[in-house]
Amino acid sequence: MQTIVLRGETDWDGWRQVARGLILAGVTPAALAWTVGGEATDVAAESSGFQVPRELVSLAALAIQAREPDRFSLLYKLFWRVNQGEKLLGGDPDPDLAAVRRMALAVRADAHRMRTHMRYLAVPEGGATRFVGWFEPAHFVLAANAQLIVRRFPDLALSIVTPDGAAHWDRSELRFGSGLREAADDAALRAWWDAERETLLREATLDVSVPEAEALDEISRPPDRAPLGPVVLHPKSDPALRDAANEAAVCQRCPLCAPATQTVFGEGPADAAAMFVGEQPGDQEDTIGRPFVGPAGQIMDRAMEEAGLDRRMVYVTNAVKHFKFTQRGKRRIHQTPEVPEIQACKFWLDVERVHLRPRLVVLMGASAARAGLGRGVTISRERGRQMRAPDGQTVFVTVHPSFLLRIPDAAAKAREYQAFVRDLGAIKALIVAEDRV
Ligand code: SF4
């Protein structure tokens, strides 16, 4: 019996090359054993190949990521049978094909779980932020899934840590290195990251054979989604608010929970003087699970800094906690929430406000203003001044930062940005004035 060594658990390219060469050389499935690690078996590349149905190739690219020791030999057997002229697809049920389908489905489900259950820590890195996520996959889905995640967030520095390994994206290259063997809560992950960060990033390599990510990209949301894991809030957040965030994670008060990835609860310190309310999470917030980390959050951060406000000292949240969108091809296009959705989600906004008791609630944009004031608001008319909500809460209306992103004319955009910074300056003055009382 000949033993074939592959470079890694998901060495799709290696497996394909070896399988093509050996099948064309007439080596039967029974004559082979497969293993991983050490020096990879080198089989002379064949210039010719043989036809395999595309559906079978896609299934194999998924199934090779299954944590099943016999997957390499099973896939070889299937491809061998195809080359022998057997029609595996569309005929009688075939036990080998059924086993590969089961593996592919399990991998898809695991990849979906990884994208929806992972929570990220925001870790300072050289004046910017790196998002470090932890997940324990059932299968070897890290490499292909990491490609998809960073493709959606090219501008964020990300690290995805698993027991099998870690993927690191620095906005230009995706590299792979060692992971964290033990299960980690937030504190353990943060301590490990702080201690190992430099070694991990230095030793990470580009040289990883990765199966086709596109096969994973076709994942649709399973209808029976499991409750989400613990929600990451600010270290200084109120424990009661953490409980509320965990309850909101499985909220079904309105239909927006169905297509969205997860509930995006607010975050910030328990003693925040101001609570900033936006409209709803965007595409990036929906995937990462944190508010204001996408383009609107970045412009808000910049404006806050110019106004002398420290984002870490305020609580940021949204009027609606699930992302509302329409799917256009692979893109998810933002949709404005309807009044009933804002009303349904006001339950959670009130929970946040009652726990935090902020001195000032900043309502950014029309949806937040409707939630906070209980009526339709023309932002241009009512922005820039302190008001009382019907429930007695002191509020301040301003534009939503995403409004600034949509202004096409550069001069108008610069003017509106400065007006936003002025509003933030006024908000800072109100908070400071209150501090002196
Ligand atoms: S949008 Fe708000 S009310 Fe609707 S399901 Fe999500 S958390 Fe619940």
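Predicted model, so just to flag it, every value in this text is computed and none were measured.

Rules of the game
- Residues numbered from 1 in each chain as written.
- Predicted model: local features only at pLDDT ≥ 70, side-chain atom pairs only at ≥ 80, totals over all residues.
- Heavy atoms only, no water.
- Pairing = 2+ DSSP bridges.
- Helix = DSSP H or I, 4+ residues; strand = E, 2+ residues; numbered from the N terminus.
- Axes fitted to C-alpha atoms, helices over the stretch in contact; angles between N-to-C directions.
- Contact = heavy atoms within 4.5 Å.
- Expected span 1.5 Å × (residues − 1).
- Buried < 20%, exposed > 50% of the residue type's maximum accessible area, 1.4 Å probe, protein only.
- Arc of directions from axis to C-beta.
- Salt bridge = Lys/Arg side-chain N within 4 Å of Asp/Glu carboxyl O.
- Near = heavy atom within 4 Å.
- Nonpolar A, V, L, I, M, F, W, Y, C, P; charged D, E, K, R; others polar.
- Parallel < 35°, antiparallel > 145°, perpendicular 65-115°, else oblique.
- Left-handed = near helix turned anticlockwise from the far one by under 90°.
- Phe/Tyr/Trp six-rings, centres within 6.5 Å; stacked < 30°, edge-to-face > 60°.
- Lys NZ or Arg CZ within 6 Å of the ring centre and 35° of its normal.
- Polar contact = N/O pair within 3.5 Å; in protein donor to acceptor, adjacent residues only side chain to side chain.
- Core = buried A, V, L, I, M, F, W, Y, C linked by side-chain atoms within 4.5 Å.
- Domains from an automatic or database assignment.

Caption draft 1: View of the sheet that holds strand β13 (residues 386-388). The sheet built from five strands is open, its strands ordered β9-β8-β12-β14-β13 with mixed pairing. The strands lining the two open edges of the sheet, one partner per strand, are β9 (315-318) and β13. Strand-to-strand twist across the sheet, computed as the mean angle between neighbouring axes with direction ignored, equals 30°. Contacts between helix α12 (residues 366-373) and the sheet are confined to β8 (274-278), β12 (360-364), β13 and β14 (394-398), with β12 contributing the most and set at about 140° to the helix.

Caption draft 2: Representation of helix α10 (residues 295-307) within the structure. Taking 1.5 Å of rise per residue, the 13 residues of α10 would be expected to cover 18 Å, and the 18 Å separating its terminal C-alpha atoms lies within 8% of that figure. Those residues of α10 lying buried are Ala296, Gly297, Ile299, Met300, Ala303, Met304 and Ala307. Projected onto a plane normal to the axis of α10, the buried residues spread over an arc of 160° and lie on a single side. Downstream of α10 by one or two residues, glycine 308 has phi in the positive range, about 80°.

Caption draft 3: Up close: the sheet that holds strand β4 (residues 128-134). With respect to topology, five strands assemble into an open sheet ordered β3-β4-β5-β6-β7, the strand pairing being mixed. Because the sheet does not close on itself, it has two edges, and the strands there are β3 (119-125) and β7 (174-177). Ignoring which end each strand starts from, the neighbouring axes of this sheet average 20° apart. Two strands pair when backbone bridges link them, and β3 and β4 are joined in this way by seven bridges, in the antiparallel orientation. When the sheet's bridge partners are listed, proline 124 is paired in β4 with threonine 129.

Caption draft 4: Up close: the pattern of salt bridges. Applying the stated criterion across every chain, the model contains 23 salt bridges. Its salt-bridge partner being arginine 197, residue glutamate 125 comes within 3.2 Å of it at the nearest N-O pair. Of this pair, glutamate 125 sits in strand β3 while arginine 197 sits in helix α6 (residues 186-203), and the two are 72 residues apart along the sequence. A relative accessible area of 24% means that arginine 197 is categorised as partly exposed. Across the pair glutamate 341 and lysine 324 runs a salt bridge, and its minimum N-O distance is 3.1 Å. Here lysine 324 lies in the loop between β9 and β10 (325-328) and glutamate 341 lies in helix α11 (residues 339-356), a separation of 17 residues in the sequence. The burial state of glutamate 341 is the same as that of lysine 324; both residues are buried. Within the structure, one salt-bridge network assembled from shared partners comprises Lys77, Arg81, Glu86, Asp94 and Asp96.

Caption draft 5: Just the site of the ligand, in detail. The environment of the ligand is formed by Cys251, Arg253, Cys254, Cys257, Val320, Lys321, His322, Ala344, Cys345 and Trp348. Considered class by class, the residues forming the shell around the ligand number seven nonpolar, one polar and two charged.

Caption draft 6: Region of the structure containing the packing of helix α1 (residues 12-24) against helix α3 (residues 71-83). At a minimum axis distance of 10 Å, the contact between α1 and α3 shows a crossing angle of 45°. When the axes of α1 and α3 are compared, the pair comes out oblique. Crossing angle aside, the handedness with which α1 passes α3 is right-handed. On α3, the residues touching Trp15, Ala19, Leu22 and Ile23 of α1 are Phe72, Leu75, Tyr76, Phe79, Trp80 and Asn83. Across the contact of α1 with α3, the residue classes break down as nine nonpolar, one polar and no charged.

Caption draft 7: Highlighting the packing of aromatic side chains. Inspection of the entire model under this criterion finds nine aromatic pairs. Judged by centre distance (5.9 Å) and plane angle (5°), the ring pair of tryptophan 12 and tryptophan 15 falls under stacked. Of this pair, tryptophan 12 and tryptophan 15 are both found in helix α1, three residues apart, which corresponds to roughly one turn of the helix. A network of ring pairs unites the aromatic residues Trp12, Trp15, Trp34, Phe72, Tyr76 and Phe79 as a single cluster. Directly above the aromatic system of phenylalanine 265 lies the positively charged group of lysine 321, at a separation of 5.9 Å from the ring centroid. Across the ring face of phenylalanine 325, the terminal group of arginine 332 is positioned such that the distance to the ring centre comes to 4.8 Å.

Caption draft 8: View of the environment of leucine 74. Topologically, leucine 74 is positioned in helix α3. In sequence terms leucine 74 and alanine 63 are eleven residues apart; their C-alpha atoms lie 9.8 Å from each other. For leucine 74, the contacting residues outside a window of four places in its chain are Asp96, Ala99, Val100 and Met103.

Caption draft 9: Examining the packing of helix α2 (residues 54-63) against α3 more closely. Relative orientation of the contacting elements α2 and α3 amounts to 170°, with a least axis distance of 10 Å. Between α2 and α3, the interaxial angle falls into the category roughly antiparallel. Across the interface between the two elements, Leu56, Val57, Ala60 and Ala63 from α2 touch Arg71, Leu75, Leu78, Phe79 and Val82 from α3. Tallied by class, residues from the contact of α2 with α3 come to eight nonpolar, no polar and one charged.

Caption draft 10: Up close: α11. Here α11 is 18 residues long and its end C-alpha atoms lie 25 Å apart, about the 26 Å a rise of 1.5 Å per residue gives. Contact partners of the buried residues in α11: α8 (239-248), β8, β9, β12 and α12.

Caption draft 11: Representation of the side chain of threonine 394. Of note, threonine 394 is situated in strand β14. Residue threonine 394 is classed as buried on the basis of its relative accessible area of 9%. Of the polar contacts made by the side chain of threonine 394, one reaches the side chain of arginine 388; its length is 2.7 Å. Dropping the residues within four chain positions of it, threonine 394 is found in contact with Arg359, Leu360, Val361, Gln386, Met387 and Arg388.

Caption draft 12: Main features of the nonpolar core. Grouped together as the largest cluster of nonpolar side chains are 59 residues, with contacts concentrated most on Trp15, Trp34, Tyr76 and Leu158. Two domains share this core, each providing at least three of its residues, namely domain 1 (2-113) and domain 2 (118-209). Look past the residues within four positions of tyrosine 76 in its chain and what remains in contact with it is Trp15, Ala19, Leu22, Ile23, Val27, Thr28, Pro29, Leu32 and Trp34. Grouped together as the second largest cluster of nonpolar side chains are 57 residues, Ala244, Val320, Trp348 and Leu356 included.

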